[in-house]
Amino acid sequence: MSSAIFVRLALVSTLLVVACGGTAPVQISQPKADDRGDAASRVHSRPDSSAILPQPVPTAPTAAPAAIPAVNTQPDLSEVGFSTGGWKTDFARHSVLLTEITPGGPPRDGIPPIDDPRFVSVEEAGSWLKPWEPVIHLSVGGEARAYPLQILIWHEIVNDTLGGVPVAVTFCPLCNTAIAFDRRVGNRTLDFGTTGNLRKSDLVMWDRQTESWWQQVTGEAIVGELTGHNLRVLPATIVGWQEFRAGFPEGRVLSRETGFSRAYGTNPYVGYDDVNSPPFLYESQTDGRLPPKERVVTVSLGGEDVAYPFSVLRERRVIADMVGGEQIVVFYVPGTNSALDKSSIGESRDVGSAAVYSPWVDGSELSFHWRNGAFLDDQTGTRWMILGMAEAGPLDGKQLEPVAHANHFWFAWAAFEPNTRIYSARSAGGDESETSLFPAAALGPLPPAPPPLPFADGQDPGPSGTPTAWGGDRPAWATGIYGGRVLGLAVYLYDSPRRTRVVGQVLHRSRIQILQHLEGAPGYYFVRSLEMDPVQEGWLPAPLATFERPPGLSLPACAGKLCVHPPRAT
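These figures come from a predicted structure and were not determined experimentally.

Engineer: I keep staring at the overall build of the protein chain and nothing clicks. Help me out?
Structural biologist: Within the protein chain one finds 6 helices and 38 strands. Accessible surface, the protein chain as shown: approximately 22,700 Å² in total, 51% of it carbon and sulfur.

Engineer: What am I meant to see in the packing of aromatic side chains here?
Structural biologist: Aromatic ring pairs are described here by two measures, namely the spacing of the ring centres and the angle between the planes. What the rule picks out here adds up to 19 aromatic pairs. Here the aromatic rings of Phe 368 and Trp 384 are separated by 5.9 Å at their centres, their planes lie at 85°, and the arrangement is edge-to-face. Here the residue Phe 368 occupies a position in strand S24 (residues 368-371), and Trp 384 occupies one in strand S26 (residues 383-384), the gap between them amounting to 16 residues. On the accessibility criterion, Phe 368 (11% relative accessible area) is buried. Judged by relative accessible area, Trp 384 falls into the buried class, the value being 1%. Taken together through their ring pairs, the aromatic side chains of Phe 331, Tyr 357, Phe 368, Trp 370, Phe 375 and Trp 384 make up a single cluster. Positioned above the aromatic ring of Phe 416 is the side chain of Lys 200, whose terminal nitrogen or guanidinium carbon lies 5.3 Å from the ring centre. The ring of Trp 370 carries the charged tip of Arg 317 above its face, separated from the ring centre by 4.6 Å.

Engineer: Sorry, what's going on with empty space enclosed by the protein here?
Structural biologist: Taking a probe equal in size to a water molecule and rolling it over the atoms shows the remaining empty space. By volume, the second largest cavity amounts to about 110 Å³. In terms of lining residues, the second largest cavity is bounded by 15 residues, among which Asn 176, Ile 238, Arg 295, Val 351 and Gly 352 are the most central. Tallied by class, residues from the lining of the second largest cavity come to 7 nonpolar, 7 polar and 1 charged.

Engineer: Sorry if this is basic, but what is going on with the environment of Ala 168 here?
Structural biologist: Within the secondary structure, Ala 168 sits in strand S6 (residues 165-172). For Ala 168 and Leu 190, which are 22 residues apart along the polypeptide, the C-alpha to C-alpha distance reads 9.1 Å. Those residues in contact with Ala 168, other than ones at most four positions away along the chain, are Val 158, Asn 159, Ile 179, Ala 180, Phe 181, Arg 183 and Phe 192.

Engineer: Hey, could you run me through the state of the cysteines in this one?
Structural biologist: In a disulfide, the sulfur atoms of two cysteines are held together by a covalent bond. For the structure on display, the rule yields 0 disulfides. Residue Cys 172 stays outside any disulfide, its sulfur separated by 3.9 Å from that of Cys 175, the closest cysteine.

Engineer: Which parts of the structure should I look at to understand the side chain of Gln 379?
Structural biologist: Structurally, the position occupied by Gln 379 is in the loop between strand S25 (374-377) and S26. A polar atom in the side chain of Gln 379 sits 2.9 Å from the backbone nitrogen of Ser 367.

Engineer: Can you walk me through the confidence of the model for the protein chain in this structure?
Structural biologist: Keep in mind that low pLDDT regions are not for reading the predicted coordinates in detail. Per-chain confidence: the protein chain averages 77 in pLDDT, with 67% of residues scoring 70 or above. Scored below 50 in pLDDT, residues 427-447 shows 44 contacts in the model against residues more than four places distant or in partner chains. Residue range residues 549-570 is modelled with pLDDT below 50. Its contacts to residues more than four positions away, or to other chains, number 58 contacts.

Engineer: Looking at this model, I keep getting lost on unusual backbone geometry. Mind explaining?
Structural biologist: With glycine set apart, most residues show a phi of negative sign, and most peptide bonds adopt trans. Here the phi dihedral of Asp 109 falls at roughly 55°; this positive angle occurs in a residue that is not glycine. By the secondary structure assignment, Asp 109 is in the loop between strand S1 (101-103) and strand S2 (119-121). The class for Asp 109 is partly exposed, based on a relative accessible area of 22%.

Engineer: Hey, could you run me through the sheet that holds strand S20 (residues 326-333) in this one?
Structural biologist: Backbone hydrogen bonds hold the strands of a sheet together, and the pairing may be parallel or antiparallel. Ordered by their spatial adjacency, 3 strands build an open sheet running S19-S20-S21, and the pairing between neighbours is antiparallel. For this open sheet the edge positions go to strand S19 (318-323) and strand S21 (353-357), each flanked by a neighbour on one side alone. Neighbouring strand axes in the sheet, compared pairwise and without regard to direction, differ in orientation by 25° on average. In terms of strand pairing, S19 meets S20 through 6 bridges, oriented antiparallel. Pairing of Val 318 across the sheet is with Phe 331, part of S20.

Engineer: Mind showing me how you'd approach the nonpolar core here?
Structural biologist: Here is a general trend for soluble globular proteins: nonpolar side chains tend to be buried in one another's company. Formed by 95 residues in total, the largest nonpolar core has its most connected members in Ile 136, Leu 138, Tyr 147, Phe 244, Val 253, Phe 331 and Trp 384. The biggest single contributor to this core is helix H6 (residues 410-416), with 7 residues. Look past the residues within four positions of Ile 136 in its chain and what remains in contact with it is Arg 145, Ala 146, Tyr 147, Leu 149, Leu 152, Val 169, Thr 170, Phe 171, Ala 178, Ala 236, Thr 237 and Ile 238. Among the nonpolar cores identified, the runner-up in size contains 17 residues, and Val 323, Val 330, Ala 354 and Val 403 belong to it.

Engineer: Mind showing me how you'd approach the environment of Val 403 here?
Structural biologist: Among the secondary structure elements, Val 403 is positioned in the loop between strand S27 (390-392) and strand S28 (406-409). Along the primary structure Val 403 and Leu 301 are separated by 102 residues, whereas in three dimensions their C-alpha atoms are 9.3 Å apart.

Engineer: Looking at this structure, I do not really get the pairing of strand S5 (residues 157-162). What am I missing?
Structural biologist: Looking along a regular strand, one sees the side chains alternate between the two faces of the sheet. Within S5, 5 of the 6 residues are buried, which leaves the element mostly enclosed by the surrounding structure. Alignment of S5 against S6, held across 6 bridges, turns out to be antiparallel. Residue pairing for S6: Asn 159 is matched across the bridge by Ala 168.

Engineer: Looking at this model, I keep getting lost on the pairing of S25. Mind explaining?
Structural biologist: Here S25 shows a buried face lined by Ala 374 and Leu 376 and a second buried face lined by Phe 375 and Asp 377. Relative to S25, S24 runs antiparallel, the two sharing 4 bridges. For Phe 368, the partnering residue across the bridge sits in S25 and is Asp 377. Taken together, S24 and the strand that follows it, S25, pair antiparallel across an intervening segment of 2 residues, in which Asn 372 is found at a positive phi of about 50°. The sheet contact formed by S25 and S26 spans 2 bridges and is antiparallel. Looking across to S26, one finds that Leu 376 is bridged to Arg 383. Between S25 and S26, which pair antiparallel and follow one another directly, the connecting turn spans 5 residues, one of which, Gly 381, has a positive phi of 75°.

Engineer: It is not clear to me how the sheet that holds S27 should be interpreted in this structure. Could you clarify?
Structural biologist: If you trace the 4 strands from one edge of the open sheet to the other, you get S24-S25-S26-S27, paired in antiparallel fashion. The sheet is open, and its two borders are formed by S24 and S27, each paired with just one other strand. Note that S26 and S27 share 2 bridges and pair antiparallel. Across the sheet, the residue bridging to Arg 383 is Ala 392, located in S27.

Engineer: Help me understand the pattern of salt bridges, please; the structure alone is not making it clear to me.
Structural biologist: Side-chain pairs of opposite charge can arise whenever the charged atoms involved come near each other. If you walk through the whole model with that rule in mind, you get 19 salt bridges. The salt bridge involving Arg 349 is made with Asp 341; its shortest N-O contact spans 3.4 Å. A residue is classified by how much of its surface remains accessible, and Arg 349, at 31% relative accessible area, is partly exposed. Three or more residues joined by partner-sharing salt bridges are found here, namely Asp 273, Arg 295, Asp 341 and Arg 349.

What counts as what
- Residues numbered from 1 in each chain as written.
- Predicted model: local features only at pLDDT ≥ 70, side-chain atom pairs only at ≥ 80, totals over all residues.
- Heavy atoms only, no water.
- Helix = DSSP H or I, 4+ residues; strand = E, 2+ residues; numbered from the N terminus.
- Areas by Shrake-Rupley, 256 points an atom, 1.4 Å probe, with all protein chains shown as cover.
- Phe/Tyr/Trp six-rings, centres within 6.5 Å; stacked < 30°, edge-to-face > 60°.
- Buried < 20%, exposed > 50% of the residue type's maximum accessible area, 1.4 Å probe, protein only.
- Lys NZ or Arg CZ within 6 Å of the ring centre and 35° of its normal.
- 1 Å grid on protein atoms, 1.4 Å probe; cavity = no way out; pocket = protein on both sides within 12 Å on 5 of 7 lines; lining within 4 Å.
- Points joined across faces, edges and corners; volume = space filled by probe spheres on them.
- Nonpolar A, V, L, I, M, F, W, Y, C, P; charged D, E, K, R; others polar.
- Contact = heavy atoms within 4.5 Å.
- Disulfide = S-S within 2.5 Å.
- Polar contact = N/O pair within 3.5 Å; in protein donor to acceptor, adjacent residues only side chain to side chain.
- pLDDT = per-residue confidence, 0-100.
- Pairing = 2+ DSSP bridges.
- Axes fitted to C-alpha atoms, helices over the stretch in contact; angles between N-to-C directions.
- Core = buried A, V, L, I, M, F, W, Y, C linked by side-chain atoms within 4.5 Å.
- Salt bridge = Lys/Arg side-chain N within 4 Å of Asp/Glu carboxyl O.

Okay, here's the thing in structure tokens:
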């Protein structure tokens, strides 16, 4: 049996466990490849932002479209793969081929939506949410709420009302897609559930009022009475719990008291987000411009669709771009775990989070950069959060206006928007190598050298003076320049593996690039910091860092050892 078929069968079993009320997560062991400045603001006349910013919440429902398309008025339902039994859906009205819709395993609402959500305080939620756990942040009408993915992964839809607006907060685990919608269409307020079906691996929802079927990625009704209608997308972002907690201490958090018995906090799709693994129930050819499960944040404005790969965002942290004639800024920070990695979401790997905003504040256009672990604007030096809030500086208290965006696996977004432009440094007029390699820079002021030097093997005092014990084997993926993260509270960088002189330092959990590996006991890495200004370079004891496998990486003949790139004298 092929590995792809095995994974699919395991996922179907997972979905059936969820549908039947099971609580034990199914462990899916995915095969890897080859088993493998200036304080003065620049003031402009602000452009018309109606196309890019979320408009004021309408007091009346949105109007119906003038015409509702239908592909076929007399479908041959004998050819479809899903069950039509018990549905009142008008299958004669549809805007897609019905044969593209496939059963995903559970029956209708076998993955049950949450219709009567309860909420708890930030303080109470902190007793069961770990700092790096992913939550969907949604703010409407001055109210802010967090919807933890440890709950959404088991329910996929929350029908809620926030700031006086009926909303649907949705998450498709198979596509890693989190989107919030306004539930009003025409003169109706809709309630959504899960059909149990997929199209191109994406969740197909249904509304209880007309039993029309809706595509989650696009928010479009594709089958039934409301075919052709579109739900209004609301700006919602996946962020780490600690980010929401810091930004909205008075916010509310979706409670685990849902009325259902589920293993909240565990991931029933263990290993599913391996970047090169095939998607589940996706028979079409994937867009090969990126690995299928590369995480992207997407923006659609003025008829243009753009995807910003997390692999690029991790390096650049801030991207200013023009989409559909409108200026935007994309922020990225580490500190948000994957919901689809390990069995425990709280222990899964860090994939970071991204958010999109308009760069205009009070008629002035701001530009931003990442420096010493923070977003700063160039005009006033104000410090900004990933949530778009100014938290310190002349603009303290200001809020960037969010641009509607969503997180996806690349294959899922590309399946519905194949003409998407993928952002790269080259496409923005820069050197594409900047997305993976920082230029050399002079070292900044050095920290005071801790006496005495050299240090004994097995420990490192770190800049704080507190010994950081070495120990444990840390996995490292091979070949070329790849990324990692420092484990100690803060550690020194040295002139050589002999550690005779301190030449720099890196901070706790800060990201680094690994340029060379020297084997031995304990082993050393020549690293370049990505979060210090100016850039720092030096040798780091191997046990003081952990690493991530970069997208699209294959292991060459030197598998099991780290290849050197570029070569450096030791």
